[in-house]
Amino acid sequence: MGAVSGEERQDGARFLGREIRIARERRGLTQQQIGDEAGYERSYVTHVEGGKRLASLPFAESCDRLFETTGYFVRLREEMSERGHPGWFVPYIKLEQQATEICDYSNSFIMGMLQTPAYAEATLRMFHPRDDEEQIKARVAARLGRHDVMARDAPPLLWVVLHEAVLRTLVGGPAVMAEQLEYLCAEAASPHVVIQVLPFSAGAPAASLPFILLTLEGGESVLYTESREGGHVNDSAAAVASARATYDWLRAAALSPDASLHFIRGIAEEYVR
């Protein structure tokens, strides 16, 4: 709709936010009016237009209705949501957006969908030490945007098994970790999210590497793993069955969901102290 610089195109949240602001101003509407019509707080609209947050899918849909743009903002958001992700990760993102169930096992870092902005920034700065501020900002926005699948009318079941090592690894400092662990507990209050901790006391885990199992809308399942060379999606029935059996062992060895939340809160308190 409006002319944009190459820098803005690199930052998907900023690009989409600028387009929404232009459409709003052309209609002579305030941020409060847009928020009221779309069912969001004015502060949310401010963050979207300022590029601090990638617009959610429901918000993009509301913009299309308000501005009568026949799907423009939904399509633009889909394109922008892929910005900031490495090319090899985009196929997984597309699958994640279609999933009805996501089963994650993490033993190094908290999965991107459940990261706070500060935790995400700390990990991304380590992974990409030569990126400038704008590049890091784009990567953080893309990562946080993955959580939008949980805002769907029918969100997937997100089941996460975290090795205790993930909770003990100091990412970004004690304050960042305390905030991140409290955020995990808040997310677990959703009926669509289950979090379990695999404690050190459980002994050797059933898997030495992280992986994700996705169940898609049609009922088929795929296995996602990563190596230094990139991500790998495997839809082989044998590979999926083997990974699912391993995941069952991980869940069985982990603390119960209630005990896991108590465990996480205890570690969060240690970081506060």
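Residues numbered from 1 in each chain as written. Predicted model: local features only at pLDDT ≥ 70, side-chain atom pairs only at ≥ 80, totals over all residues. Heavy atoms only, no water.

Close approach of charged atoms lets side chains of opposite charge pair. Considering all chains together, one arrives at 14 salt bridges under this definition. With its nearest N and O atoms 3.3 Å apart, the salt bridge here joins E25 to R21. You can see E25 and its partner R21 sitting in helix α2 (residues 12-27), 4 residues apart, about one turn around the helix. In this structure R21 comes out as partly exposed when scored by relative accessible area, which is 29%. (Salt bridge = Lys/Arg side-chain N within 4 Å of Asp/Glu carboxyl O. Helix = DSSP H or I, 4+ residues; strand = E, 2+ residues; numbered from the N terminus. Buried < 20%, exposed > 50% of the residue type's maximum accessible area, 1.4 Å probe, protein only.)

Inspection of the secondary structure puts G230 in strand β6 (residues 230-234). With relative accessibility at 3%, the residue G230 sits in the buried group. Once the C-alpha coordinates of G230 and P257 are considered, the two residues, 27 residues apart in sequence, prove to be 31 Å apart. Ignoring any residue separated from it by four or fewer positions in sequence, one finds G230 in contact with W88 and T225. (Contact = heavy atoms within 4.5 Å.)

The mixed open sheet is built from 6 strands, whose spatial order is β3-β2-β1-β4-β5-β6. Every other strand in the sheet has two partners, leaving β3 (193-198) and β6 as the edge strands with one partner each. On average, adjacent strands in this sheet sit at an angle of 15 degrees to one another, irrespective of strand direction. With 6 bridges connecting them, strand β1 (residues 99-106) and strand β4 (residues 211-216) associate as antiparallel partners. Paired with E101 across the two strands is T215, which belongs to β4. (Pairing = 2+ DSSP bridges. Axes fitted to C-alpha atoms, helices over the stretch in contact; angles between N-to-C directions.)

Before going further, it helps to spend a moment on the layout of surface pockets. Considered as a void within the structure, the largest pocket measures approximately 1,100 Å³ in volume. Considering the residues around the largest pocket, the lining is formed by 34 residues, among which W88, F127, R143, Y224 and E226 are closest to the centre. Listed by contribution, the elements that provide at least two residues to the lining of the largest pocket are β1, α8 (117-127), α9 (133-145), β4 and β5 (221-227). Broken down by element, the residue count for the lining of the largest pocket peaks at 4 residues, all from β5. (1 Å grid on protein atoms, 1.4 Å probe; cavity = no way out; pocket = protein on both sides within 12 Å on 5 of 7 lines; lining within 4 Å. Points joined across faces, edges and corners; volume = space filled by probe spheres on them.)

Low pLDDT marks stretches whose predicted atomic positions should not be read closely. Confidence along the chain averages 90 in pLDDT terms, with 95% of residues attaining 70 or more. Every residue in residues 2-10 is under pLDDT 50, and counting partners more than four places away or in other chains gives 17 contacts. (pLDDT = per-residue confidence, 0-100.)

It is worth spelling out a nonpolar patch on the surface at this point. Nonpolar side chains collect at one region of the surface, where F109, M126 and F127 lie side by side and expose about 330 Å² of accessible area between them. Residue F127 is classed as partly exposed on the basis of its relative accessible area, which comes to 44%. (Patch = residues over 30% accessible without salt bridge, like charges linked within 9 Å, V, L, I, M, F, W, Y side chains within 5 Å. Areas by Shrake-Rupley, 256 points an atom, 1.4 Å probe, with all protein chains shown as cover.)

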